[in-house]
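Commentary on secondary and tertiary structure
Here are the chains, one letter per residue:
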Amino acid sequence: TLLLDVSARVYACGQGRFGALGLGGEANQPTPVHIRALIAAPVRQMACGERHSAVLTYGGAVLTFGWARHGALGAPAARGIAHSAGSAASMNVASIVPIPRLVPALRRGVQQIACGANHTLALLEDGSLFGFGRGDSGGPLADSSTPTAIPIPSRADDPVPRIAALSCGRSH
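Right, let's walk through the structure included here. (Residues numbered from 1 in each chain as written. Predicted model: local features only at pLDDT ≥ 70, side-chain atom pairs only at ≥ 80, totals over all residues. Heavy atoms only, no water.)

**So, the overall build of the protein chain**
Applied cut-off: Only DSSP runs of H or I with at least four residues qualify as helices, and only runs of E with at least two residues qualify as strands; both kinds are numbered from the N terminus onward. For the accessible areas, the method is Shrake-Rupley and the probe is 1.4 Å, while residue cover comes only from the protein chains on display.
Within the protein chain, the regular secondary structure consists of 0 helices and 12 strands. Taken from N to C terminus, the helices and strands of the protein chain fall in the order β-β-β-β-β-β-β-β-β-β-β-β. Carbon and sulfur atoms make up 54% of the accessible area of the protein chain, which totals about 8,600 Å².

Following this line, the structure appears as structure tokens:
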């Protein structure tokens with residue numbers, strides 16, 4: 001759970017597994033704790049995925065944290081912490097990023113964000129839509145660890161459609 005106060009500060013609580021709370025580790029947090037790593041970046045919107053989170057600053061930048069599986073953080077997570085999940089027969093090793101990190105391709109110009117279980121969407125001020133993460137979940141067309149443009153179908157009566165709002169489900 002992420003909470004945003006009227007002073008643009010973000011608080012996190014809940015299950016900390018995979019670094020999804022942005023507090024620097026994987027500890028569970030029963031009560032809200034201020035995400036100090038965001039102190040210099042006033043936040044206007046947040047979104048929570050299943051094991052990752054994203055925040056949008058007033059400057060239009062996107063920061064992500066949590067599990068980088070399927071590219072859900074919008075950048076390779078080589079600097080994160082190695083984490084393994086699953087049985088020994090089907091070991092899935094990915095990286096976690098336990099503190100908010102800037103998505104390099106989304107430094108400015110983002111108007112709105114949304115997270116699904118393993119993907120993230122970003123609506124830019126110019127009306128373009130970008131997605132990253134798991135490709136078969138309603139985000140990018142294929143798994144992508146970098147923001148990829150998502151084509152928006154046009155109609156005869158509206159050749160330049162503009163998206164007004166975003167929302168993601170677990171895998172849609």
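**Some remarks on unusual backbone geometry**
One non-glycine residue, F18, lies in positive phi territory at about 70°. With respect to the secondary-structure elements, F18 resides in the loop between β2 (10-14) and β3 (29-34). Residue H70 is not a glycine yet carries a positive backbone phi of 65°. Along the chain, the position of H70 falls in the loop between β6 (62-67) and β7 (81-85).

**Details of the nonpolar core**
Within soluble globular proteins, side chains that are nonpolar generally end up buried alongside one another. Convention followed: Among buried residues, those of type Ala, Val, Leu, Ile, Met, Phe, Trp, Tyr and Cys that are joined through side-chain atoms within 4.5 Å constitute a nonpolar core. We call a residue buried when its accessible area falls under 20% of the maximum for its residue type, exposed when it is over 50%, and partly exposed in between, using a 1.4 Å probe and counting protein chains only. Residues are treated as being in contact if the distance between any of their heavy atoms lies within 4.5 Å.
Judged by nonpolar contacts, A47, A54, L56, V62, V103, L106, V110, I113, C115, A122, L124 and F132 together constitute the single largest core of 12 residues. Mapped onto this core, the elements with two or more residues apiece are β5 (52-57), β9 (110-115) and β10 (119-124). The biggest single contributor to this core is β9, with 3 residues. Once residues within four sequence positions are removed from consideration, L106 is found in contact with G60, A61, V62, A122, L124, F132 and P147. Judged by nonpolar contacts, the second largest core, of 10 residues, contains L2, L21, V55 and L63.

**Regarding the layout of surface pockets**
Selection rule: In this analysis the probe radius is 1.4 Å and the grid spacing 1 Å, with only protein atoms considered; a cavity is a set of points the probe fits into but cannot get out of, a pocket is an open set with protein on both sides within 12 Å along at least five of seven lines, and lining residues have an atom within 4 Å of a point. Grid points are joined across faces, edges and corners, and a volume is the space filled by probe spheres set on the points. For this scheme, ten residues count as nonpolar: Ala, Val, Leu, Ile, Met, Phe, Trp, Tyr, Cys and Pro. Four count as charged, namely Asp, Glu, Lys and Arg, and the remainder, Gly too, count as polar.
Of the pockets and cavities examined, the largest pocket occupies roughly 180 Å³. Together, 14 residues line the largest pocket, and Q15, A20, G49, E50 and R51 are the ones closest to its centre. Here the lining of the largest pocket is built from residues that sort into 5 nonpolar, 6 polar and 3 charged.

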